[in-house]
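Next come the chains, spelled out residue by residue.
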Amino acid sequence: MRGYENGENSADSRILNAPAPLRRRLILTVLLGIACLLVGLAMFLFSKDRIMLLLSAAVCILSFCRAYAFYQAVSRKEYEVVEGTCVGVVPKPLRKYRKIRIMDDEGNESALLLGKHSKIQIGFRYRFYFKKTQRLTLGSEYFDSALSSDCFLGYEELGELGNPPESPEKAD
């Protein structure tokens, strides 16, 4: 271990100290690549399909590259955290996202555009994780959400307002 004392700066401790939603996303990305490779290998063994094996190997390599880039971002703490209470959820008709209004402890309100698959409820506290990026805004919610679609990393529910936080395993 290149002289790290007590392993504080080791790769393992940086990932183990990362927030649960980010660890989960990293693990799922790696597992997805392995699963694709196993499916391709099974297809090759049963039907001698080389193209499926090559395509699944390509997907596996690309998922490992993405997981490595994500690992670098998490270990360098290149993400922003937005924490607060959900005060509004505005569905956007014919869009793949919803506008979530979050109020922090100081009373500042901000709007986030998240996919419709996120199960955000009004009155609950959340912690959202985003990549640190240069934000380019075009003035249109649709174009802004399209440009920032890869910035959202995950969220975790901290519990209902006024109630103690739930276990961190309920994170997305």
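Thresholds applied
Residues numbered from 1 in each chain as written. Predicted model: local features only at pLDDT ≥ 70, side-chain atom pairs only at ≥ 80, totals over all residues. Heavy atoms only, no water. Helix = DSSP H or I, 4+ residues; strand = E, 2+ residues; numbered from the N terminus. Expected span 1.5 Å × (residues − 1). Polar contact = N/O pair within 3.5 Å; in protein donor to acceptor, adjacent residues only side chain to side chain. Pairing = 2+ DSSP bridges. Axes fitted to C-alpha atoms, helices over the stretch in contact; angles between N-to-C directions. Contact = heavy atoms within 4.5 Å. Buried < 20%, exposed > 50% of the residue type's maximum accessible area, 1.4 Å probe, protein only. Phe/Tyr/Trp six-rings, centres within 6.5 Å; stacked < 30°, edge-to-face > 60°.

A. Molecular detail of helix H3 (residues 50-75). Look at H3: 37 Å from first C-alpha to last across 26 residues, which is about the 38 Å you get at 1.5 Å a residue. For H3, the side-chain oxygen to backbone nitrogen distance between the N-cap and isoleucine 51 is 3.3 Å, and the N-cap itself is aspartate 49.

B. Geometry of the sheet that holds strand S5 (residues 152-160). Taking strand neighbours across the sheet as the criterion, the five strands line up as S3-S2-S1-S4-S5 in an open arrangement whose pairing is antiparallel. Taken across any chain shown, the strands that pair with only one partner, and hence form the sheet edges, are strand S3 (109-115) and S5. Pairwise comparison of adjacent strand axes, ignoring direction, gives a mean angle of 40° for this sheet. Here seven bridges tie strand S1 (residues 79-91) to strand S4 (residues 124-131), and the two strands are oriented antiparallel to one another. Within S4, the position partnered with glycine 84 by the bridge is tyrosine 126. Across the sheet, helix H2 (residues 20-47) lies against S1, S4 and S5, angled at about 135° from S5, the strand it touches most.

C. Structural context of the pairing of S5. Counted residue by residue, S5 has eight buried out of nine residues, so it is predominantly covered. Sheet topology note: the S4/S5 ladder contains seven bridges and is antiparallel. Residue pairing in the sheet places tyrosine 126 in a bridge with glutamate 157 of S5.

D. Quick look at the packing of aromatic side chains. Evaluation of the coordinates by the stated rule reveals five aromatic pairs. Judged by centre distance (5.9 Å) and plane angle (70°), the rings of tyrosine 79 and tyrosine 129 are edge-to-face. Of the two residues, tyrosine 79 sits in strand S1 while tyrosine 129 sits in strand S4, which places them 50 residues apart along the sequence. The burial state of tyrosine 79 is the same as that of tyrosine 129; both residues are buried. With 6.0 Å between their ring centres and 35° between their planes, phenylalanine 128 and tyrosine 155 make a pair best called tilted. Remark: tyrosine 155 occurs in strand S5 and phenylalanine 128 occurs in strand S4; sequence separation between them is 27 residues. Judged by its relative accessible area of 0%, phenylalanine 128 falls in the buried class. With a relative accessible area of 7%, tyrosine 155 lands in the buried category.

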